[in-house]
Amino acid sequence: MAADPWNPTQYDRFRHERQQPFADLVALVAPRAGMRVVDLGCGTGELTARLHRELAAQETLGIDSSPAMLAAQPAPPPAGLRFVTGDIAAFADAAAWDLVFSNAALQWMPDHPALFQRLRAAD
């Protein structure tokens, strides 16, 4: 198994640079009661927890491929928020979610046409 290339401490150094695009994206979302949200490439989960709170989501799932990043998640997560290790390039469960969100991860994924086709499957 390859070493985990992600370092939560280094990632945290650029938290402010990630927060503005995150806020811009969240401002485009019209919250609805009982929303189910998935955050692809959630990193340490700090912004995922904020997304969960700001949308008053019923359920939010954060997915990231880095165990080190997920180990740095806010503890304990609020009710309805959970995190799992997973490959977001293979994510194909879009129909199960009201919102598929990603702040700064999709640009790292290969085969964008296939990825976006899977993500749009909920339409």
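Preceding this paragraph is the structure being described.
Remember, it's a predicted structure, so these values are computed and weren't measured experimentally.

A. Layout of the overall build of the protein. Counting secondary structure elements, the protein contains five helices and four strands. By residue count, 38% of the 123 residues in the protein fall in the buried class. Contacts in the protein between residues at least 24 apart in sequence constitute 61% of all its contacts with a sequence separation of at least 6. For the protein, the exposed surface amounts to about 7100 Å²; the carbon and sulfur share of it is 57%.

B. How the structure looks around the pairing of strand 1 (residues 36–40). The buried fraction of strand 1 amounts to four of the five residues, a majority that puts the element mostly inside the structure. Since strand 1 and strand 2 (residues 59–64) lie parallel, the crossover through helix 3 (residues 46–54) that links them has a hand, and here it is right-handed. As defined by bridge partners, strand 1 adjoins strand 4 (residues 99–101) across three bridges and the pair is classed as parallel. Paired with Asp39 across the two strands is Phe101, which belongs to strand 4.

C. Local environment of the pattern of salt bridges. The full count for this structure, using the stated rule, is four salt bridges. As a salt-bridge pair, Arg50 and Glu54 come within 2.7 Å of each other at their nearest N and O atoms. Here Arg50 pairs with Glu54, and both are found in helix 3, just four residues apart, close to one helical turn. Owing to a relative accessible area of 23%, Arg50 belongs among the partly exposed residues under this scheme.

D. Up close: the side chain of Asp64. By secondary structure assignment, the location of Asp64 is in strand 2. On the basis of relative accessibility, which here comes to 9%, the residue Asp64 falls in the buried class. Within the structure, Asp64 has its side chain in polar contact with the backbone nitrogen of Cys42 (distance 3.3 Å). Here Asp64 is in contact with Gly41, Cys42, Gly43, Met69, Leu70, Val84, Thr85 and Gly86, once residues within four sequence places are set aside.

E. Layout of the sheet that holds strand 2. Taken in spatial order, the four strands of this open sheet run 3-2-1-4, and their pairing is parallel. Edge positions in the sheet fall to strand 3 (81–85) and strand 4, since each has one partner strand and no second. Strand-to-strand twist across the sheet, computed as the mean angle between neighbouring axes with direction ignored, equals 20°. Here strand 2 runs beside strand 3; their pairing, made up of five bridges, is parallel. Paired with Ile63 across the strands is Val84, a residue of strand 3.

F. Just the nonpolar core, in detail. Val38, Leu40, Ile63, Ile88, Phe91 and Leu106 are the most contacted members of the largest nonpolar core, which totals 14 residues. In this structure, Val26, Met35, Val37 and Phe101 belong to the second largest nonpolar core, which totals 11 residues.

G. Structural detail: unusual backbone geometry. In this model, Ala56 sits at a positive phi of 50°, which is unusual for a non-glycine residue. Mapped onto the secondary structure, Ala56 falls in the loop between helix 3 and strand 2.

Conventions and cut-offs
Residues numbered from 1 in each chain as written. Predicted model: local features only at pLDDT ≥ 70, side-chain atom pairs only at ≥ 80, totals over all residues. Heavy atoms only, no water. Helix = DSSP H or I, 4+ residues; strand = E, 2+ residues; numbered from the N terminus. Buried < 20%, exposed > 50% of the residue type's maximum accessible area, 1.4 Å probe, protein only. Contact = heavy atoms within 4.5 Å. Areas by Shrake-Rupley, 256 points an atom, 1.4 Å probe, with all protein chains shown as cover. Right-handed = clockwise from strand over helix to strand, strands pointing away. Pairing = 2+ DSSP bridges. Salt bridge = Lys/Arg side-chain N within 4 Å of Asp/Glu carboxyl O. Polar contact = N/O pair within 3.5 Å; in protein donor to acceptor, adjacent residues only side chain to side chain. Axes fitted to C-alpha atoms, helices over the stretch in contact; angles between N-to-C directions. Core = buried A, V, L, I, M, F, W, Y, C linked by side-chain atoms within 4.5 Å.

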